[in-house]
Amino acid sequence: LKGHTGAVLCVAFSRDARWLITGGADETARIWKAATGQPLAQLRGHSQRVTTAAFSADGRRAVTGSADDTAKLWAIRVPAATAGQPPDTVPVLVPA
């Protein structure tokens, strides 16, 4: 998976295995389509490396933890269809 500009420090699958979340030394977390490795979203907001990341069991939230001593909760909103793509392929993440 190409996208982080520094080392990848953590990775986790969503419960249904559709998505991956990664956290990196570049202070971002990223969501990927697991089957293809397609980047879907970038989460910005930490001021140091992202050391842990996970999805909630219901897949409606993601959480990231950072060396900046913060954890951020992200709500995942999946549009019914996005730019001609089938439903639930592009998550939209917003601070929860």
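Thresholds applied
Each chain carries its own residue numbering, running from 1 in the direction its sequence is written. Only residues with pLDDT of 70 or above have their local features reported here, since the model is predicted, and side-chain atom pairs are shown and tallied only from 80 upward, although totals for entire chains, interfaces and linings are computed over all residues. Heavy atoms from the whole structure form the basis of all side-chain values; hydrogens and water molecules are not counted. Here the aromatic set is Phe, Tyr and Trp, taking the six-membered ring for Trp, and pairing holds for ring centres within 6.5 Å; pairs whose planes are under 30 degrees apart are stacked, those over 60 apart are edge-to-face, and all others are tilted. Secondary structure follows DSSP: runs of H or I at least 4 residues long count as helices, runs of E at least 2 residues long count as strands, and numbering of each begins at the N terminus. Working definition: with a 1.4 Å probe on protein chains only, accessible area under 20% of the residue-type maximum means buried, over 50% means exposed, and in between means partly exposed. Charges are assigned to positions over rings by a cutoff of 6 Å between ring centre and Lys NZ or Arg CZ, combined with an angular limit of 35 degrees from the ring normal. By convention a nonpolar core is built from buried Ala, Val, Leu, Ile, Met, Phe, Trp, Tyr and Cys residues, the set being connected through side-chain atoms within 4.5 Å. What makes a salt bridge here is a side-chain nitrogen of Lys or Arg within 4 Å of a carboxyl oxygen of Asp or Glu, nothing more. Counted as a polar contact is a pair of N or O atoms within 3.5 Å, where, for protein atoms, one must be capable of donating a hydrogen and the other of accepting one, and residues adjacent in sequence contribute only when both atoms are in side chains. Contacts were defined at the residue level, with two residues in contact if any of their heavy atoms lie within 4.5 Å. Here pLDDT means the predictor's own confidence in every residue, given as a number from 0 to 100. A strand pair is defined by DSSP finding two or more bridges across the two strands. The axes used here are C-alpha line fits, helices contributing only the stretch in contact, and every angle between their N-to-C directions lies in the interval 0 to 180 degrees.

Student: Outline the packing of aromatic side chains, listing residues and values.
Tutor: Taken as a whole, this structure holds one aromatic pair when the rule is applied. The interplanar angle of 40° and the centroid separation of 6.2 Å between the aromatic rings of Trp19 and Phe55 together place this pair among those described as tilted. Of this pair, Trp19 sits in strand β2 (residues 19–24) while Phe55 sits in strand β5 (residues 50–55), placing them 36 residues apart in sequence. The burial state of Trp19 is the same as that of Phe55; both residues are buried. Stacked on the ring of Trp19, the Lys or Arg Arg18 has its end atom at 4.6 Å from the ring centre.

Student: Requested: an account of the nonpolar core, with residues and values cited.
Tutor: Of all hydrophobic cores here, the largest spans 15 residues; its most connected members are Trp19, Ile21, Ile31, Leu43, Phe55, Ala62 and Ile76. If you list the elements that add at least two residues to this core, you get β1 (8–13), β2, β3 (28–33), β4 (39–44), β5 and β7 (71–77).

Student: A description of the pattern of salt bridges should follow, citing residues and the corresponding values.
Tutor: Across all of its chains, the model carries two salt bridges by this definition. In this structure, Arg18 and Asp16 form a salt bridge, with 2.6 Å as the shortest nitrogen-oxygen distance. With a relative accessible area of 44%, Asp16 lands in the partly exposed category.

Student: With reference to specific residues and values, describe the side chain of Thr22.
Tutor: Mapping Thr22 onto the fold places it in strand β2. On the basis of relative accessibility, which here comes to 3%, the residue Thr22 falls in the buried class. Only 2.7 Å separates the side chain of Thr22 from the side chain of His4, close enough to count as a polar contact. When sequence neighbours within four positions are dropped, the list of residues in contact with Thr22 reads His4, Val8, Cys10, Val11, Thr28, Ala29, Arg30 and Trp32.

Student: An account of the confidence of the model for the chain is needed here, citing residue identities and associated values.
Tutor: Mean pLDDT over the chain works out to 84, with 80% of the residues at or above the 70 mark. Mean pLDDT values over the elements of the chain span from 55, in strand β8 (residues 92–95), up to 97, in β1. Scored below 50 in pLDDT, residues 86–90 shows 15 contacts in the model against residues more than four places distant or in partner chains.

Student: Give a description of the sheet that holds β1 that names residues and reports values.
Tutor: Judged by pairing direction, the sheet is antiparallel, and its four strands sit side by side in the order β1-β2-β3-β4 without closing on themselves. Each end of this open sheet is capped by a strand with a single partner; those strands are β1 and β4. Between one strand axis and the next, the sheet turns through 20° on average, direction left out of account. In this sheet, β3 lies alongside β2 in antiparallel orientation, the contact comprising five bridges. Residue Thr22 lies in a different strand from β3, and its bridge partner there is Arg30.

Student: Tell me what's going on with the environment of Cys10, and back it up with residues and numbers.
Tutor: Structurally, Cys10 is set in strand β1. For Cys10, a relative accessible area of 13% gives the class buried. Apart from the residues lying within four places of it in its own chain, the contact partners of Cys10 are Ile21, Thr22, Gly23, Val50, Thr51, Thr52 and Ala53.

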